[in-house]
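Spelled out from the first residue to the last, the chains are:
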Amino acid sequence: MLSVTAISKSFPGVKSLQDVDFSVGAGEIHALVGENGAGKSTLIKIISGAYVPDQGEIELDGDKVAWTGPREAQGAGIHVIYQELVLFPELTVAENVFINDQPLTRFGIIDYRLMERRADDVLRRLGAKIDVRRRVKELTVADQQMVEIARALVGSVKVLILDEPTAVISGREVDLLFDRLIALRAAGVAIIYISHRLEEIFRIADRVTVLKDGVRVATRPVTGVNRDQLISLMVGRPLSDVFPPRRAIPQEAPVLLRAEGIRVGTRVRNASFTLKSGEIVGLAGLVGSGRTELAQAIFGGVPFDAGKVEIEGTVFAKTSPRSSIEAGVGLLTEDRKGEGLLMHLSVAANIVAPRLSEIARGPFIDLRAEYRIGAQEIARFSVATSGPQAVVAGLSGGSQQKVLFSRWVRACRRVLLLDEPTRGVDVGAKVEIYRIIRQLADSGFAILMISSELLEIVGMCDRALVMCEGAITGELAGGAITEEAIMTLALPQ
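Quick summary incoming for the structure in this document. Numbering of residues starts from 1 in each chain and follows the order in which that chain's sequence is written. This being a predicted model, a pLDDT of at least 70 is required before a residue's local features are given, and a value of 80 or more before pairs of side-chain atoms are given or counted; all residues contribute to the totals for chains, interfaces and linings. Calculated side-chain values reflect all of the structure's heavy atoms, with hydrogen atoms and water omitted.

1. Observations regarding the packing of helix α14 (residues 397-411) against helix α15 (residues 427-442)
What counts, and what does not: A fitted line through C-alpha atoms represents every axis, and for helices the fit uses only the stretch in contact; the resulting angles, taken between N-to-C directions, go from 0 to 180 degrees. Secondary structure counts use DSSP, requiring at least four H or I residues in a row for a helix and at least two E residues in a row for a strand, with both numbered from the N terminus. Angles below 35 degrees are treated as roughly parallel, those above 145 as roughly antiparallel, those between 65 and 115 as roughly perpendicular, and all remaining angles as oblique. Take the far helix as the reference: if the near one is turned anticlockwise from it by less than a right angle, the crossing is left-handed, and if turned clockwise, right-handed. The contact criterion used throughout is that any non-hydrogen atoms of two residues lie within 4.5 Å. In this count, Pro and Cys sit with the nonpolar residues alongside Ala, Val, Leu, Ile, Met, Phe, Trp and Tyr, while Asp, Glu, Lys and Arg are called charged and the others, Gly among them, polar.
Between α14 and α15, the least distance of the axes is 10 Å, while the angle of their chain directions is 10°. One finds that α14 runs roughly parallel with respect to α15. In this structure, α14 meets α15 at a crossing whose hand is left-handed. From α14, Gly398, Gln401, Lys402, Phe405 and Val409 reach across to α15, where they touch Ala429, Glu432, Ile433, Ile436, Ile437 and Leu440. Among the residues forming the contact of α14 with α15, the class breakdown is 7 nonpolar, 2 polar and 2 charged.

Pasting the structure below:
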């Protein structure tokens, strides 16, 4: 259905792609993997008409093509669902689904009833129960992802490209997405699937292509490669030990944070737990189980209706971000770009943000002090950047996460609440982040780690709490932390 031959693309000072060959057949799911900066995004932007290649050819359904822009590629049947959602928050679900193809009445105005009926039909076929009259900004991130997918499936699709489509969904929602992709494959659609979650590659893909530093390293049938081999191809070195070794937590380790009877509307019900110095406690559960709301309530991002939080002996009947930071608690949010980072400011400005008083000189910021702190933290966390003054929006996902880690470690020093800390980063960056988390725990931090990747919970955590429908349904420790045990507690009984 689609093939690219000897594609190359350069940007000032960077060779993003070099002589890359890639193809996907009708009725095939072809996975595209590689570390951040490997060239995956550049390749799909060339395929979809956003970039013009410096050299090479594109062939679609037997015809050579040279796109003049994304609209032309989309008109030919190439649709892309990007990792970063591209929606209009003030418009309704139906308006977003049909943003490029609104049905009209015979008078030439939008037929809203027909549009809403069709949007509802597309979403129901995806297994999503969403009110198509709601504004997109009122939806959860997972539901917004489903709206993106529904929009791509409107009209004729020859090639569907998905960039990290499960980054914000889990459990049943992932199953429904995969069921739909399998149905599209059976209908003859060519699917290019990009994901850092390797278990998804083995679950759904027919072939896998590995890019590294802009070069195609290998293309293999998924049945002809295992997880360790695939990781080795991606990072260029063997990864025999992805997760760092644990150390035993002393029984007398002090409790740094205690939450008792936390209730947040209907999202969190009577949640209680403790965090000790030196331990990593996982918080698992399906999307919508209340994990994020519990972490935000403890930090003060959302108010809790009942319960209390105790931080190193000080009891809070109500928390706020300011009080939490002053007490030594930091929250690394799930949505690093929307809620975590100040995307248009420098790396240094992002690092010092929670404690501006440290570098304030009256009403002014001491930019030399900001620069000095930024340089120290860049070196400490090995952030890949040109320097403290680099704009954080230009960093890779892994480096952006490291900036957030450096911010909260500087600001808080005692308790870290990590919500999906490896979301949207490549395998190599994940290994570095795992190492950072374990080193912080070994230095005395108490860490709550929310993750939708069960393997992370199993590999990283000393204890694991599992939530289902707003309640903590169980606690696992040591060897009892298994994927099967977590899922048993995460599913409604």
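From this point on, the discussion continues.
2. Describing the nonpolar core
Defined as follows: Nonpolar cores were defined as sets of buried Ala, Val, Leu, Ile, Met, Phe, Trp, Tyr and Cys residues, with membership established by side-chain atoms within 4.5 Å. Residue exposure (1.4 Å probe, protein chains only): buried if accessible area is under 20% of the type maximum, exposed if over 50%, otherwise partly exposed.
If you look at the biggest cluster of nonpolar residues, it comprises 81 residues, and the most contacted ones within it are Ile262 and Ile447. Broken down by element, this core gets its largest block of residues, 8 residues, from α15. Ignoring any residue separated from it by four or fewer positions in sequence, one finds Ile262 in contact with Val268, Arg269, Asn270, Ala271, Leu294, Ala297, Phe304, Ala306, Gly307, Lys308 and Val309. Listed in part, the 49 residues of the second largest apolar core include Ile29, Leu126, Ala152 and Met234.

3. Description of the side chain of Ser406
You can see Ser406 is positioned in helix α14. If we skip the residues at most four places from it in the chain, Ser406 touches Ile351, Glu377 and Phe381.

4. Considerations on the environment of Glu84
In this structure, Glu84 sits in the loop between β6 (78-81) and α3 (93-97). Glu84 has contacts with Glu148 and Lys337, leaving out every residue within four places of it along the chain.

5. A short note on the pairing of strand β21 (residues 463-468)
This is how it is decided: A pair of strands counts as paired when DSSP detects no fewer than two bridges linking them.
Burial within β21 is extensive, with 6 of its 6 residues counted as buried. The side-chain alternation of β21 yields two buried faces, one formed by Arg463, Leu465 and Met467 and the other by Ala464, Val466 and Cys468. As defined by bridge partners, β21 adjoins strand β22 (residues 471-477) across 6 bridges and the pair is classed as antiparallel. Bridging from a neighbouring strand, Met467 pairs with Ile472 of β22.

6. A closer look at α14
Here is the rule we go by: Given the number of residues in a helix, its expected span is that number minus one, multiplied by 1.5 Å.
Between its terminal C-alpha atoms α14 stretches 21 Å, which fits the 21 Å expected from 15 residues at 1.5 Å a residue. In terms of burial, α14 is largely enclosed, as 15 of its 15 residues are buried. With its phi angle positive at about 70°, Arg413 sits one or two positions after the end of α14.

As far as function goes, none of this settles anything; it's purely spatial.
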